[in-house]
Amino acid sequence: PVIGGNADATVEVILNDETGYLVEPTSIEAIVISASRLLGDEALRRRMGQAAVIHVQKTFGFHKFMEGLACYLSELPGLVGTDERLEPSAAPGSR
């Protein structure tokens, strides 16, 4: 589990109260309270840590990357998702 500032892309990575804590970046009190909760509760740390691994794998893992890449490539004309195939002689750099 982590403690992160409630700003920018951090909110996409940290699920508040599930994979860590989102706090106001300038609030020392919120950081101390969140750290105290984590330091004082081993079961909470384990639960949040396991949830974080699952969240990161599901949201940012290799399979998610491949899904995005396949989607991108399917939008390119004549490469993926059509009946056209690149013949070895037509492959880039084969001439």
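The structure under discussion appears in the preceding block.
The paragraphs below set out a description of the structure included in this document. These figures come from a predicted structure and were not determined experimentally.

About the criteria used
Residues numbered from 1 in each chain as written. Predicted model: local features only at pLDDT ≥ 70, side-chain atom pairs only at ≥ 80, totals over all residues. Heavy atoms only, no water. Helix = DSSP H or I, 4+ residues; strand = E, 2+ residues; numbered from the N terminus. Buried < 20%, exposed > 50% of the residue type's maximum accessible area, 1.4 Å probe, protein only. Contact = heavy atoms within 4.5 Å. Expected span 1.5 Å × (residues − 1). Polar contact = N/O pair within 3.5 Å; in protein donor to acceptor, adjacent residues only side chain to side chain. Patch = residues over 30% accessible without salt bridge, like charges linked within 9 Å, V, L, I, M, F, W, Y side chains within 5 Å. Areas by Shrake-Rupley, 256 points an atom, 1.4 Å probe, with all protein chains shown as cover. Salt bridge = Lys/Arg side-chain N within 4 Å of Asp/Glu carboxyl O. Phe/Tyr/Trp six-rings, centres within 6.5 Å; stacked < 30°, edge-to-face > 60°. Lys NZ or Arg CZ within 6 Å of the ring centre and 35° of its normal. Axes fitted to C-alpha atoms, helices over the stretch in contact; angles between N-to-C directions. Parallel < 35°, antiparallel > 145°, perpendicular 65-115°, else oblique. Nonpolar A, V, L, I, M, F, W, Y, C, P; charged D, E, K, R; others polar.

### Details of the overall build of the chain
Then, number 1: A count of helical and extended segments in the chain gives 4 helices and 2 strands.
Then, number 2: Secondary structure elements of the chain, listed N to C terminal, follow the sequence β-α-β-α-α-α.
Then, number 3: With 95 residues in all, the chain has 17% of them scored as buried.
Then, number 4: Put simply, of all contacts in the chain between residues at least 6 apart along the chain, 31% involve residues at least 24 apart.

### Thoughts on helix α3 (residues 42-60)
An α-helical turn contains 3.6 residues, so a residue and the one three or four places further along point in the same direction.
Then, number 1: The first and last C-alpha atoms of α3 sit 26 Å apart over 19 residues, in line with the 27 Å expected at 1.5 Å per residue.
Then, number 2: On its buried face, α3 is in contact with α1 (10-13), β2 (20-23) and α2 (28-40).
Then, number 3: Two or three places before Ala43, at the opening of α3, Asp41 has a side-chain oxygen 3.2 Å from that residue's backbone nitrogen.

### Remarks on a nonpolar patch on the surface
Then, number 1: A cluster of nonpolar side chains, contributed by Phe62, Phe65, Met66, Leu69 and Tyr72, occupies part of the molecular surface with about 530 Å² of accessible area.
Then, number 2: Relative to the elements of secondary structure, Tyr72 occurs in helix α4 (residues 62-74).

### Concerning the packing of aromatic side chains
Then, number 1: Using the criterion set out here, one finds 1 aromatic pair in the structure.
Then, number 2: Ring geometry for Phe62 and Phe65: centres 6.2 Å apart, planes at 35 degrees, overall tilted. Taken together, the positions of Phe62 and Phe65, both in helix α4 and 3 residues apart, correspond to about one turn of that helix.
Then, number 3: Given the relative accessible area of 57%, Phe62 is considered exposed.
Then, number 4: Across the ring face of Tyr21, the terminal group of Arg37 is positioned such that the distance to the ring centre comes to 5.5 Å.

### A closer look at the side chain of Ser34
Then, number 1: Considering the arrangement of structural elements, one finds Ser34 in helix α2.
Then, number 2: At 3.0 Å, the side chain of Ser34 forms a polar contact with the backbone oxygen of Ala30.

### Here's the deal with the packing of α2 against α3
Then, number 1: Running from amino to carboxyl end, α2 crosses α3 at an angle of 100 degrees, the nearest separation of the two axes being 5 Å. Taken together, the axis directions place α2 and α3 in an arrangement best described as roughly perpendicular. Judged by residue contacts, Arg37, Leu38, Leu39 and Gly40 of α2 engage Glu42, Leu44, Arg45 and Met48 from α3.
Then, number 2: By residue class, the composition of the contact of α2 with α3 is 4 nonpolar, 1 polar and 3 charged.

### Side note on the pattern of salt bridges
Then, number 1: Taken as a whole and judged by the stated rule, the model has 1 salt bridge.
Then, number 2: The closest approach of N and O atoms between Glu42 and Arg46, which form a salt bridge, is 2.8 Å. Residue Glu42 and its partner Arg46 are located together in helix α3, separated by 4 residues, close to a single helical turn.

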